[in-house]
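# Working through the structure, step by step
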Amino acid sequence: MIIRQVQDTAADAEAVHEVSRAAFRALATSVGEPLHPPPPPGGGPHAVARLARTRHLARTDPEGCWLAEDGGRVVGAALSMRREGVWILALFAVEPGLQGRGVGRLLLERAAAHGRGCLRGMLCASPSPAAARRYRQAGFTLHPTMRLTGRVDRAGLLDPGDIPVHPGGAAQFHLLDSVDRRLRGAAHGPDHAFLLAHCDELLIVDSLAGSGYCYRTGGEVKLLAATSKRIAARLLREALARVPDGEEALVEFLTAEQEWAVDVGLEVGLALGTRGYLAVRGMRPPAPYVPHPGFL
Ligand SMILES: CC(C)(COP(=O)(O)OP(=O)(O)OC[C@H]1O[C@@H](n2cnc3c(N)ncnc32)[C@H](O)[C@@H]1OP(=O)(O)O)[C@@H](O)C(=O)NCCC(=O)NCCS
């Protein structure tokens, strides 16, 4: 078994994708979750974005992205990044048949070495007991999280009020980074260009009352940050109003700090459940904030 850095190649991105897909499928079965519907030919937009994300991180953080190889076959991966003093774990997976034998520990040690000197850390954790054990042993505080799912009941969308929401673009990246720094002490930097390229839309509030933004792709609202709960709730309502008819909404990794989001979800008829953890080290869960599991 060797542990080596992930290269910015299609072959490594594909290998990371395969091992992660196998690990998460096995996890879904073990915790009794429905398996995802079969992906469309070519893997669909999610697979394209995941492959591209591995290559993005292999470029921005080569020392944070590691593979385990056994006989030339990739059997595990850990992808992490450093953003202005915060270490972020974006992916952690080991082939189901090899789990529980210390491969994850080796990968996580290499990835965590990239975060040495970072006082803070964040990650979105699955319900895997093995993952929770690894993260707690690495000094993370585990905050159990809620998720909202279902069809948006448009009758529940209240009058938008007086806070205008606009579609955003690259011209607003400095604003997004400022909101990030205030909320989590670190900008997303190069990740905003990646997220913008792979989402359906970026929504922005930039008003006298405060600022905020969120990304929406289909029914998923991932990464929402705002300078007040009122603005955060306005952004989430707007994003949910824009979920295409017939698509399921998904807003996840909500700690109890994000009650403003829970209330918006309940207003529009989404179902509330629990799944996974937000794991943080050296910081509190940012609020009002919805993390992106792949970029936090
Ligand atoms: C999480 C994951 C990457 C860990 O890799 P791994 O190779 O299994 O990890 P290790 O063997 O190094 O460590 C697992 C630890 O959990 C323990 N463990 C394994 N299965 C467990 C279970 N069902 N319940 C409790 N503890 C368990 C192991 O004993 C070990 O602890 P120890 O080193 O203190 O003895 C791997 O299990 C996986 O791919 N899970 C599915 C995908 C996932 O959830 N990824 C994390 C996303 S946040």
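Parameters and conventions
- Residues numbered from 1 in each chain as written.
- Predicted model: local features only at pLDDT ≥ 70, side-chain atom pairs only at ≥ 80, totals over all residues.
- Heavy atoms only, no water.
- Near = heavy atom within 4 Å.
- Polar contact = N/O pair within 3.5 Å; in protein donor to acceptor, adjacent residues only side chain to side chain.
- Areas by Shrake-Rupley, 256 points an atom, 1.4 Å probe, with all protein chains shown as cover.
- Helix = DSSP H or I, 4+ residues; strand = E, 2+ residues; numbered from the N terminus.
- Axes fitted to C-alpha atoms, helices over the stretch in contact; angles between N-to-C directions.
- Parallel < 35°, antiparallel > 145°, perpendicular 65-115°, else oblique.
- Left-handed = near helix turned anticlockwise from the far one by under 90°.
- Contact = heavy atoms within 4.5 Å.
- Phe/Tyr/Trp six-rings, centres within 6.5 Å; stacked < 30°, edge-to-face > 60°.
- Buried < 20%, exposed > 50% of the residue type's maximum accessible area, 1.4 Å probe, protein only.
- Domains from an automatic or database assignment.
- Buried area = accessible area lost by both parts, 1.4 Å probe.
- Salt bridge = Lys/Arg side-chain N within 4 Å of Asp/Glu carboxyl O.

If you look the protein chain up in an unreviewed UniProt entry, it shows as GNAT family N-acetyltransferase from Kitasatospora paranensis.

### A word on the site of the ligand
What surrounds the ligand is a group of 24 residues, the closest being Phe92, Gly100, Arg105, Ser126 and Arg134. Separating an oxygen atom of the ligand from a side-chain N or O atom of Ser126 is a distance of 2.6 Å. Contact distances for the ligand include 2.6 Å between an oxygen atom and a side-chain N or O atom of Arg134. The fraction of the free accessible surface of the ligand (940 Å²) that becomes covered by protein chains is 75%. Elements represented by at least two residues in the shell around the ligand include exactly α1 (10-30), β4 (86-94), α3 (103-114), β5 (120-125) and α4 (129-137).

### Remarks on the packing of α1 against helix α2 (residues 44-60)
Their axes nearest at 9 Å, the elements α1 and α2 cross at an angle of 120°. Considering their axes alone, α1 and α2 lie oblique with respect to each other. The element α1 and its partner α2 pack so that their crossing is right-handed. Residue-level contacts link Ala10, Ala13, Glu14, Val16 and His17 of α1 to Ala47, Arg50, Leu51, Thr54 and Arg55 of α2.

### Comments concerning the packing of aromatic side chains
Scanning the model with the defined rule gives 4 aromatic pairs in all. Judged by centre distance (6.0 Å) and plane angle (45°), the rings of Phe92 and Tyr135 are tilted. A residue pair is termed long-range when its members are at least 10 positions apart, and Phe92 in strand β4 and Tyr135 in helix α4 qualify at 43 residues. Across the pair, Tyr135 and Phe92 agree in class, each one buried. With 5.9 Å between their ring centres and 80° between their planes, Tyr213 and Tyr215 make a pair best called edge-to-face. For the pair shown, Tyr213 and Tyr215 are each scored as buried.

### Overview of the side chain of Arg83
If you trace the backbone, Arg83 turns up in strand β3 (residues 73-83). There is a polar contact of 3.0 Å between the side chain of Arg83 and the side chain of Asp61. When sequence neighbours within four positions are dropped, the list of residues in contact with Arg83 reads His56, Leu57, Thr60, Asp61, Ile88, Arg184, Ala186, Ala187, His188, Pro190 and Asp191.

### Structural notes on the domain arrangement of the protein chain
Assigned domains of the protein chain: these are domain 1 (2-118) and domain 2 (148-290). Residue-level contacts link 13 residues of domain 1 with 13 residues of domain 2. Taken together, both faces of the contact between domain 1 and domain 2 bury some 1,200 Å²; the carbon and sulfur share is 53%. Scanning the region where domain 1 abuts domain 2 turns up 3 salt bridges. The partner of Asp191 in a salt bridge is Arg83, with the nearest N and O atoms 2.8 Å apart. Across the contact surface, domain 1 and domain 2 share 6 residue pairs in polar contact (both at pLDDT 80 or more). Of all the elements in the fold, those that place two or more residues in the side of domain 1 that touches domain 2 are α2, β3 and β4. At 6 residues, α2 tops the list of elements feeding residues into the side of domain 1 that touches domain 2.

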